[in-house]
Amino acid sequence: MCVSPALFSFPGVCLLHSVRPVSFAPRSLSLSSSRSPRMAGWDLSVTVEDLGPDAPPVTLSVTSDLHVGGVILRLVEKTQIKRDWSDHAIWWEQKQRWLLRTSWTLEKYGIHADARLLYMPQHKPLKLGLPNGITLRLHACFSSPVFQTLMGICRMLNIRHPEELSLLRPLEEKKKKKDKDSAEEIYDLTEVPRSSGTLITLHSLSRPDMHTYEEWLSRPCLYNGMPAHFADSPKMEAIYKMLSVTQPPPAPEVVAKQYRPASVVDKAHINGRWLDSSRCLIQQGIRENDRLWLRFKYFAFYDIEPKYDVVRLTQLYEQARWSILLEDIDCTEEEMMLFGALQYHISKVSQSEPKLLSSSAAMDDLESALQSLEVKMDGESSSASEMLHVTICFRPKKLTLKGYKQYWFKFQDTSISYYKSKEESIGEPIQQINLRGCEVAPDVNMAAQKFLIRLLIPAPEGMNEVYLRCENEQQYAQWMAACRLASKGKSLADSSFQSEIKSIHSFLAMQRTNPSSHGNTPANDESINTHSLVSPRYHKKYKTKQLTPRILDAYQNVAQLSLTDALTRFLQIWQALPDFGLSYITFLTNRFKGSRKDEVLGIAPNRLIRIDLGVGDVVKTWRYNNMKQWNVNWDIRQMAIEFEGNVNIAFSCVTADCKIVHEFIGGYIFMSTRSREKSDTLNEELFHKLTGGHEAL
């Protein structure tokens, strides 16, 4: 009898390409009575999923030295089903592990007669909710760590840098009475070949051509602006268009149905739903056809090239838009009107220019604009003055009862010094503050002529908060540009100083009310639905007829922007918000040194913040670049972090697993290691070491 390679195609067994007789592996399959009593045969039951839910387990007579590949061979022979079994593997239910090392024996795995084994496909359908509200049904790998599964999904959807995203369990939606019209439309991608999305899934097979994957990271191969598997049919092209083109503003009832966090604690509960990137889906209770969300988890966006990142950029905009509409991130009233105007403009332009992101000129414009998001300020020389002198109001703490005090400030190199008066500036300053490594955030209200600069200054025990109040727009633009440069370790002599000032003026111009445009602004526009453009709290505060003219007034400042520029402006303003990038984790039994109160840990791309739940204030801030080490006691689920200056913090969490905090910290440190020279290579091993914890060991 000869063996058909199509019939017995499974990983890890050299029979895959063999057509030789069964005598291929007599040692593994023989049950000779000449063996010692220790190798006596025993019955092993394996449930074969393909036989149906009501089918009894298949019983095999095995010995402990039989390798897993031999078990699969016998199993397939006994089922007598002719099909491709290459994607199937054995799942051990009690131990919650896949038997992917097919050369290992049953004895080495520790499998006995009472083991509950299931032989099933490694790839199964999964419902995936995207940031723009679209739900896809696709095949995902249930046997690989979630990070590798995510890499396959992102490759299928043409999203580069999958390390910035992750999967999380969705929030339970409020179930209302019979709502037959709310049946969700699901777009099917299960017919897409696994080779289009699966990068590393079967541990027993050799690794794929990593050069090909690195090429995809830098320059994915596109046909008519989309991956080949989306160009197969008009239906698939339509799905890709929904992934890569911004969606119209959501209907008010859709916004009303969404979960809105009412407090920091509510936001923290959402972050407790992230999946463990080191474990596979089935180990985390995810089953076939379950629903998960795909979201940007790490707010450190890198190497965005709109020519190749159309889907990535669009989904990033959609996630940013929903964070504004659902009040996941706070913004001022003026900023909310500008967000609404930009959404309105993006919706109008995307309908008239749906293919704008495919044009090379637009790509160059957006790429250049996105580089400004990273505050690129490289240069060697400038005609700008190397020193700024000005009288500025100063407040050392945000919530102090004392108001601002006026001092004479001097900005030189990367430091600011302040004096009681201009006359005393020739002597020693009251204090000199080095801004290298500080956090700089705007706090501006053009209507109220409020120009504040918020500084978080590194200190031995965390971060000190300082506010500078400027007198006017010109002063604000100069000092804001200087502070941003200083935070990067660059002086006022840097060539980008003037361009940074110009960029800040441009940003302020969008928020400025333009009285001359009122005559050209329609009193009402029926195409504007304010419920879809601003968050619900503003509809409680204002009537629609009050909001519409304000949005249209802000629209006059952005109406001439191209689609690419409008998207970029939206993301710039979003990233400039004070609370941008903060992910909150609740600790019900915190053990910060000197405190036993319930508190919240905020995790940002470059720092940790400690928040007092009693008053909602930031108690302390620590930067990652001052971190010496962090440790996790996995037995008691406690984290300990050591910073420079003999600063140590330790805490345990209850509502969120400490693995989530560990992954956030390790993930952001990994993001900081990326560079232009290494942008074509994803160091998966390093990511796993930094985020995997005991799984990585």
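Computed from a predicted model, the values in this text were never measured in an experiment.

A. Focus on the packing of helix H18 (residues 658-672) against helix H19 (residues 684-691). Look at H18 against H19: their axes get within 7 Å of each other, and the N-to-C directions meet at 140°. For the element pair H18 and H19, the recorded crossing hand is right-handed. Contact residues: H18 offers Lys-659, His-662, Glu-663, Gly-666, Gly-667, Ile-669, Phe-670 and Met-671, while H19 offers Leu-686, Phe-687, Leu-690 and Thr-691.

B. Structural view of the sheet that holds strand S23 (residues 638-643). Ordered in space as S22-S23-S24, the 3 strands form an open sheet in which the pairing is antiparallel. Looking at the sheet topology across the chains shown, the edges are occupied by strand S22 (627-633) and strand S24 (647-652). Each strand axis lies, on average, 15° off the axis of its neighbour in the sheet, ignoring direction. Strand direction decides the pairing type here: S22 and S23, joined by 6 bridges, are antiparallel. Among the inter-strand pairings, Met-627 is bridged to a residue of S23, identified as Phe-643. Along the sheet, H18 contacts S22, S23 and S24; its crossing angle with S22, the most-contacted strand, is approximately 155°.

C. Structural detail: the packing of aromatic side chains. Under the defined criterion, the tally for this structure stands at 26 aromatic pairs. Each ring, one from Phe-670 and one from Phe-687, has its centre 5.2 Å from the other, and the planes form 85°; the classification is edge-to-face. With Phe-670 in helix H18 and Phe-687 in helix H19, the pair connects residues that are 17 residues apart, well separated along the chain. For Phe-687, a relative accessible area of 3% corresponds to the buried category. In textbook terms, an aromatic cluster arises when at least three aromatic residues are bridged by ring pairs, as seen for Phe-296, Phe-299, Phe-301, Trp-574 and Phe-580. Cation over ring: Arg-83 sits above Trp-85, and NZ or CZ is 5.3 Å from the ring centre. Its guanidinium or amino end placed over the ring of Phe-664, Lys-297 lies 4.9 Å from that ring's centre, counting from NZ or CZ.

D. Structural detail: helix H11 (residues 333-352). Relative to the 28 Å expected for 20 residues at 1.5 Å per residue, H11 spans 29 Å between its end C-alpha atoms, a close match to the ideal helical length. Of all 20 residues in H11, 17 are buried; the element is thus mostly enclosed.

E. Looking closely at H18. Between the first and last C-alpha of H18 there are 22 Å, a value that for 15 residues agrees with the 21 Å anticipated at 1.5 Å per step. Among the 15 residues in H18, 13 count as buried, and that is most of the element. Its side-chain oxygen at 2.8 Å from the backbone nitrogen of Lys-659, Asp-657 defines the N-terminal cap of H18.

F. Summary view of the nonpolar core. In this structure, Leu-157 and Trp-574 are the most contacted members of the largest nonpolar core, which totals 154 residues. Those residues within four positions of Leu-157 in sequence are excluded, and the remaining contacts are Leu-128, Leu-130, Leu-136, Leu-189, Phe-230, Tyr-240, Leu-243, Leu-294 and Val-311. Ranked by size, the runner-up nonpolar core spans 23 residues in total, among them Trp-42, Leu-44, Val-48 and Val-62.

G. Representation of the pattern of salt bridges. The final tally for this structure, using the stated rule, is 26 salt bridges. Residues Glu-500 and Arg-484 are paired through a salt bridge, measuring 2.6 Å at the closest nitrogen-oxygen approach. Of this pair, Glu-500 sits in helix H14 (residues 497-511) while Arg-484 sits in helix H13 (residues 473-487), and the two are 16 residues apart along the sequence. On the accessibility criterion, Arg-484 (22% relative accessible area) is partly exposed. With its nearest N and O atoms 3.5 Å apart, the salt bridge here joins Glu-685 to Lys-689. Of this pair, Glu-685 and Lys-689 both sit in helix H19, 4 residues apart, roughly one helical turn.

H. Seen up close, the packing of helix H7 (residues 234-244) against helix H10 (residues 310-325). In contact at an axis separation of 7 Å, H7 and H10 are set at 50° when each is read in the N-to-C sense. On the basis of their axis angle, the class for H7 and H10 is oblique. Residue-level contacts link Tyr-240, Leu-243 and Ser-244 of H7 to Val-310, Val-311, Thr-314 and Gln-315 of H10. By residue class, the composition of the contact of H7 with H10 is 4 nonpolar, 3 polar and no charged.

About the criteria used
Residues numbered from 1 in each chain as written. Predicted model: local features only at pLDDT ≥ 70, side-chain atom pairs only at ≥ 80, totals over all residues. Heavy atoms only, no water. Axes fitted to C-alpha atoms, helices over the stretch in contact; angles between N-to-C directions. Helix = DSSP H or I, 4+ residues; strand = E, 2+ residues; numbered from the N terminus. Left-handed = near helix turned anticlockwise from the far one by under 90°. Contact = heavy atoms within 4.5 Å. Pairing = 2+ DSSP bridges. Phe/Tyr/Trp six-rings, centres within 6.5 Å; stacked < 30°, edge-to-face > 60°. Buried < 20%, exposed > 50% of the residue type's maximum accessible area, 1.4 Å probe, protein only. Lys NZ or Arg CZ within 6 Å of the ring centre and 35° of its normal. Expected span 1.5 Å × (residues − 1). Polar contact = N/O pair within 3.5 Å; in protein donor to acceptor, adjacent residues only side chain to side chain. Core = buried A, V, L, I, M, F, W, Y, C linked by side-chain atoms within 4.5 Å. Salt bridge = Lys/Arg side-chain N within 4 Å of Asp/Glu carboxyl O. Parallel < 35°, antiparallel > 145°, perpendicular 65-115°, else oblique. Nonpolar A, V, L, I, M, F, W, Y, C, P; charged D, E, K, R; others polar.

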